[in-house]
Each structure stands twice: as C-alpha cells, then as structure tokens.
Amino acid sequence: MAVDGIVDTRESEIQAQMMLDTAPLAASVWGEDGHMMNCNMEAVRMFGLKEKADYVKHFYDLNPEFQPDGEKTQDKAARMIKAAFDEGYQRFEWLYLTGSGQPLPVETTLVRVPWTDGTRRLMAYSRDLREYKALMAEIQAQIDRAEAAAKAKSEFLARMSHEIRTPMNAIIGMSELIRMDNMDEIQRDYFDDIRRMSKSLLTLINDILDFSKIEAGKLDIAPVHYNMYMLFDQVCSMNRFLATGKSLNLHSFRDPSVPELLFGDEGRIRQIFTNILSNAIKYTREGYVRFTMTTEERDGKRFIVATAEDTGVGIKEEDLPKLFGTFQQLDSGTNRGVTGTGLGLAITRNLLELMGGSIEVRSVYGKGSCFTARIPLVPGDPAKIEAVCSRSVTVRENACALVVDDISTNLKVASRFVAKYGVEVDTALSGEEAVAKAAQKGYDIIFMDHMMPGMDGVEATAKIRALPGCGTTPIIALTANAVTGMREFFLGNGFDDYLAKPIELAKLNMIMERWCAPRPAAREKAPNVQAGKPMFLQEKMPEDRAGMHIPGVDTAAGIEMLGGSEEVYRDVLGAFCEDVTERLPTLSHVPDSKGLPLFITMAHAIKGAAANISAKAMSQKAARLEQAGKNGDIAAIRLEIPDFIADLTTLSGDIERALGI
C-alpha cells in the first residue's frame, strides 16, 4: 500500500514473491553480489528437490564443474551475471544437474530489474530443454539414418552400374564384331533390334545412375568446345526413327542466329535435347512433333532455346506441379503402355539448373504440350574442338597393344576389338602379369582394367610407369565404373585416357587415333584401310557351327545374346573355362575374415561369367556366395561351398567336352 507517495516495501516484497511463484518457468532472484536470494517452486520441481532452501543453498552443487564449452561453471556464472547487470539482458544455454545427478540442459534468460530498496536485482528464468534436446537428437539421428541410406543407395547404384555394364559390354561388344553380310533381311532386323534394345537398356541404367548422382549432390558438368549444328542434327536423326515408327511427322528447324561452335557439356546438352524430344514422341499418338532451336536474350544474357512441341495427350493442369518429380508417369490410364523410368524430366531440370538454365512447359490436356529448355550461350573456340573420328582408323605399323582384365570373357571382347585395327594384341589376366609383360616388351598402347584382385589397375599402372622406357606409354583405363569423377580419378593416377565399358566403337576409334596413330615418318607405311570402311569389318569371320548341348546351359540363349554367332559363343565358353580354372583354388576354401574380399571378388567374377554364357543356375549360386561374403556370413559359405564347387567343376568339364578341349 502507498501512503502519501511513500512506497510500502513490505507490500512490494509480497507482490514480487507472488510474481515469482506464479511464473510458468523456473525463476530465481539474484543480488549484485552474485548470490541467489530467492526462487520459485517451479525451479524446485524442475530440479527434483523438495524445498526452496535446498536450491538456494546448494545452487553450485547442482552444477557440473565445467560447462559444455569447457569454461569453469563458477567463472562463467560470475561473468554472465556481471554482463547482465552491465547490459540489462543476457540469454544463453546452461547445463545443470538434477538432485539425482542427471544432466539438466536449460535455456536461461537474465533480466536486470530495479528493486524496492533502490538496489538492482537479476531475474533469472530457465526453460527445461530436456524434451527439446531429445527431440533434436532424434531428428539428427533420423537425418543421419537418411543420409546413410542415401549414401548406401548411391553406392549400391554405382555397384549395380558396374555389375550391369559388365555383361552389357559383352553383348554390345560382340554385336559390333558380328558380320551382317551373311544374314538375310529378317535376321538383320532381329540383329538391329538386339543392338537398339541393348543401347536402350544402357540409357535406362544411365538414367538411374544420374538420379543417384543428383541425390548425392555429385551430378556435375564437364564443358568442352563442340559443334552445335552437328549435335542438333544427330539428335533429330536419332529420334526420327522413333517418330517414323509411330507414323508421326517430325519437323525440325535450327535458326541461323544459333552459333555453330559453342562451349558447354556436349554430352549433357545432347541428353537434355534427347529427353524433351523423345518424351514428346512417346506421348504423341498422331499428328506431329516439332523440334526447334533458336536464341534469345534475357537479363543481359544470351541463351540457346530448344523447344519440343507436340500434338500429344497433353497434361492436366493439376498434374503440372508433379511433372518434374521422380519415378512418376502422369495420367497412367491415358499413358498406359508408355515405357520409361519417369526420371528423364527430373534429370533434365537438374542438369539445366546446374548449367544456369531453365525449363518451362505449356500444355493443354488432350491437345498437346510444349517444353522449352534454355541453356546459357557460351561461344566456342574452333581451335579447341575435338575432331570427330571417322570409322576408318589408321594405326602405326607393327603396333603392339596389351589388354589387361581379370575376367577372361571381358578380356576376349576387348582384345578382339583392338585386334581388328591390325594391332598385335597381348593379354594379361592380372596386374602382376601386366607389369611383368610390360617389363619384357615395349607396347604402343596398354588398356588397363581397374577393379582386379590383388594388384588393381591403379597400382599396376604406377609400377609400369616406373619401368625403363614405359614412362610415356599410353595407358588407357578400361572400366565399367560409371560413377561421376572417375575420369578425373584415372587421369590423376597415371592414366592417359579413359574408355568406359561397354566399349563404344566411336570412342575406341578416337582412343586409337589419338594414342596409336602412325608416327609422322611412318604414316605412308601404315596399313591401308578402305575409305569409309572400318578395318574391323574387313576380316571374314569363320562360319558358325550348330548343334551344341551342355547340361545347365541355355546354349541357344547364349548364342542369341552374342549376336547369333556360335563361333563367338564358343570363344566365350572357352574363356569361361579359363575363368573357372583360375578361380577354383580360391573358391574351394572357406575364407576367414581377412580372405573375404578376395573370395567375394572371385564369386562375383564367376557370377558374371556364368551369366555371359547363359548358365543361369550357376550364376545364381555364385550370386548367393557373393552375397554371403558381403554379409560376412562364413557359416552360409561353408554350407554352400561343397555343392557349388562340385557343380562348377562338372559344368566346366561339360563345356570342355562340348568344345572338344
């Protein structure tokens, strides 16, 4: 009560105590001498105590000696109290201990207030953070689990890329080696379908791999100087076949304002153009598709503008926000029968964003759509554009190559490719053998597999580089690993170039022309190659033989998978027997934990080799052993090994008898 302007101190003290006790947070009052003077019951309850006096008297006993930042508790408390008195306000996190000794994290707020006796006090309010900290820990744990799962998925997809691309190397590689002039028209159509479908499968594999890179934030851009006119024509040519097959008219137009030579990621730009154009063709049943390219200026920058317009099914307005999602096909009823991963547009958008471009869509449901991709226009340098290598390649006279791969099947495919250039080819099944051969003989070019047991390709390359006279020998990385950054990895580890599996002839031609071309003084003596006809098509292959029967092997499927040539299939069967002989000693013994990596590699090799000859059951058995090894399940390996070895030995013997060896 106030009488004639005089403050009733006792009444003020009562009001202050009421405010303290009714505060929803733990609260305490501090004097300028740094001692606690009072607290409320919420503070007592938060610390698990019974009386206020316990909290006031034993405050420093309810603190650890040090705070989480390493500062001594008493020193930090004195510093924060002084700062609050000086500045009027402080907020910080603090660690207490409950009465039972459990950690008690809180958020503390100090507020300077005038007191009734003319002095100053601090009001300290503390918010219990235990539930908040537990929630944040759980959120972080979920984030960690999600990141671990994403990493595991990316690693799985990278491994699967290698696993799938390895047999694809045999399929596409052998198909390129098959003669077509001894086929009738129906057989040639079948063969063309095999090659087209194989390349379509590779496209699907690459889409999934690209998506894994996007999720991992590892999708990158590798700009080069390139010819845009040639790229545009190639994309139109590739997709004209699809349009013709659906009786659609494909119109294309390139505006003269588009420069011929540009700088950018040629492969990714081709992928963008192909995605929007093939998408338009896929979703158009009748009418036309128009693909145009022009330029425009926006915000002071020039852009290449590629537009794919169609008279297709169109997109519902409510579906437009989902258009660039992943693994989705919109309006599945209308679009039933349209194939694809549902990743193309998602990848396209991410690629364009990485390039500083954009993509837009306009659509009227039932009438058609128009996709517009904008890519920054950066002029190219004519002197830096890599010349396109023709299919006729002249290599130096008496050139000798070494091809290295631990899987005999892959070794046979790669060595046949290289031999068709008129090059003498030696082979090695391991890094150690490659080093030994390089020490004995000078090679003009070496193709080195990466993933091999024991000495891998990187280590073998380093050892070859150290040999006298081998410091400048071109060494080409030969691998099915398509993960982003692998080219840079190889170039940074002593390799001169990089050739991905499955081997593409155009890229192998470029490798041979770049690294095995005739020396200036010897060009006139180089083997003569007919103009416009590749050397590898000039040799006549032996006639096919028929009538093979091997228990446990679908020989007909194996021959069909390799382009219909039994001669080539017999070579692959022989390579399989070599693989079995090489790996049986290791696979015959149950490994310990140290021997598991080598055992897994061997089982993996047999799995792929058996699949290449269409020995499905054997491939599945090897796959089970490989998975058991990856799981560290020694007991399962011990259980499976006896039957596996017996079956593998029998299969190898049956193949040898069928081959007459």
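Just so you know, the residues in each chain are numbered from 1, in the order the chain's sequence is written. Per-residue local features are limited, in this predicted model, to residues with pLDDT of at least 70; the limit for side-chain atom pairs, both in listing and counting, is 80 or more; totals at the level of whole chains, interfaces and linings are taken over all residues. Excluded from the side-chain calculation are hydrogens and water; included are all heavy atoms of the structure.

K.L.:
Would you explain the pairing of strand β16 (residues 475–479) in this entry?
P.N.:
The side chains of a regular strand alternate between the sheet's two faces. In this scheme, a residue with accessible area under 20% of its type's maximum is buried, one over 50% is exposed, and one in between is partly exposed, where area comes from a 1.4 Å probe on protein chains only. Elements are defined by DSSP. Helices are runs of H or I of four residues or more, strands are runs of E of two residues or more, and each kind is numbered from the N terminus. With 5 of 5 residues buried, β16 lies mostly within the body of the structure. Side-chain alternation along β16 places Ile475, Ala477 and Thr479 on one buried face and Ile476 and Leu478 on a second face that is also buried. Traced from strand β15 (residues 445–449) through helix α12 (residues 457–465) to β16, the parallel crossover comes out right-handed. Two strands qualify as a pair provided that DSSP identifies no fewer than 2 bridges between them. Where β16 and strand β17 (residues 497–500) come together, 4 bridges link them in parallel fashion. Looking at β17, one finds that threonine 479 is bridged to alanine 500. Assignment of crossover handedness uses the view with strands pointing away from the viewer, where a clockwise path from the first strand over the helix to the second indicates a right-handed crossover.

K.L.:
Would you explain the environment of leucine 648 in this entry?
P.N.:
Structurally, leucine 648 is set in helix α19 (residues 634–659). Of the residues examined, leucine 648 reaches a relative accessible area of 0% and is grouped as buried. A sequence separation of 68 residues divides leucine 648 from valine 580, and the C-alpha atoms of the two residues are 7.6 Å apart.

K.L.:
Whenever I open this one, the packing of aromatic side chains confuses me. Can you help?
P.N.:
The geometry of two aromatic rings is summed up by the distance between their centres and the angle between their planes. For Phe, Tyr and Trp, where Trp contributes only its six-membered ring, two rings pair if their centres lie within 6.5 Å, and the inter-plane angle classes them as stacked under 30 degrees, edge-to-face over 60, or tilted in between. Counted according to the given criterion, the structure contains 8 aromatic pairs. With a centroid separation of 4.9 Å and 75° between ring planes, the pair formed by phenylalanine 47 and tyrosine 96 is classed as edge-to-face. Of this pair, phenylalanine 47 sits in the loop between α2 (41–46) and α3 (52–57) while tyrosine 96 sits in strand β3 (residues 89–97), and the two are 49 residues apart along the sequence. Look at phenylalanine 92 and tryptophan 94: their rings are 5.8 Å apart centre to centre, the planes differ by 65°, and that puts the pair in the edge-to-face class. We classify tryptophan 94 as buried; its relative accessible area is 5%. Aromatic ring contacts, followed pair by pair, group Phe47, Phe92, Trp94 and Tyr96 into a single cluster. Counted as over-ring charges are cases with an Arg CZ or a Lys NZ within 6 Å of the ring centre that also lie within 35 degrees of the ring normal. For arginine 254, the ring lying beneath its charged end belongs to tyrosine 229, and the centroid distance is 3.6 Å.

K.L.:
In this structure, what is going on with the packing of helix α11 (residues 431–440) against α12? I would like to understand it.
P.N.:
When two helices pack together, their arrangement is given by the angle between their axes and by how far apart the axes lie. Axes here refer to lines fitted to C-alpha atoms; in helices the fit is confined to the stretch in contact. Angles between the N-to-C directions go from 0 to 180 degrees. In contact at an axis separation of 9 Å, α11 and α12 are set at 15° when each is read in the N-to-C sense. The angle between the axes of α11 and α12 places the two elements in the roughly parallel class. Where α11 crosses over α12, the two elements pack in a sense that is right-handed. The segment α11 lies against α12, with Gly431, Ala434, Val435 and Ala438 engaging Ala460, Lys463 and Ile464. Each residue receives one of three labels: charged for Asp, Glu, Lys and Arg, nonpolar for Ala, Val, Leu, Ile, Met, Phe, Trp, Tyr, Cys and Pro, and polar for the others, Gly being one of them. Class assignment of the residues belonging to the contact of α11 with α12 gives a composition of 5 nonpolar, 1 polar and 1 charged. Between 65 and 115 degrees an angle is taken as roughly perpendicular, under 35 as roughly parallel, over 145 as roughly antiparallel, and anywhere else as oblique. Note on convention: near helix rotated counterclockwise from far helix by under a right angle means a left-handed crossing. Clockwise means right-handed. Only heavy atoms matter for contacts: two residues are in contact if any of them lie within 4.5 Å across the pair.

K.L.:
Explain the packing of helix α17 (residues 596–612) against α19 to me, please; I cannot follow it from the model alone.
P.N.:
At their nearest, the axes of α17 and α19 sit 14 Å apart, and the two run at 40° to each other. On the basis of the axis angle, α17 is oblique to α19. Viewed along their axes, α17 and α19 form a crossing whose handedness is left-handed. Counted together, Leu596, Phe599 and Ile606 of α17 and Ile634, Ile637, Ile641, Phe644 and Leu648 of α19 form the full contact between these two elements. Grouping the amino acids of the contact of α17 with α19 by side-chain chemistry returns 8 nonpolar, no polar and no charged.

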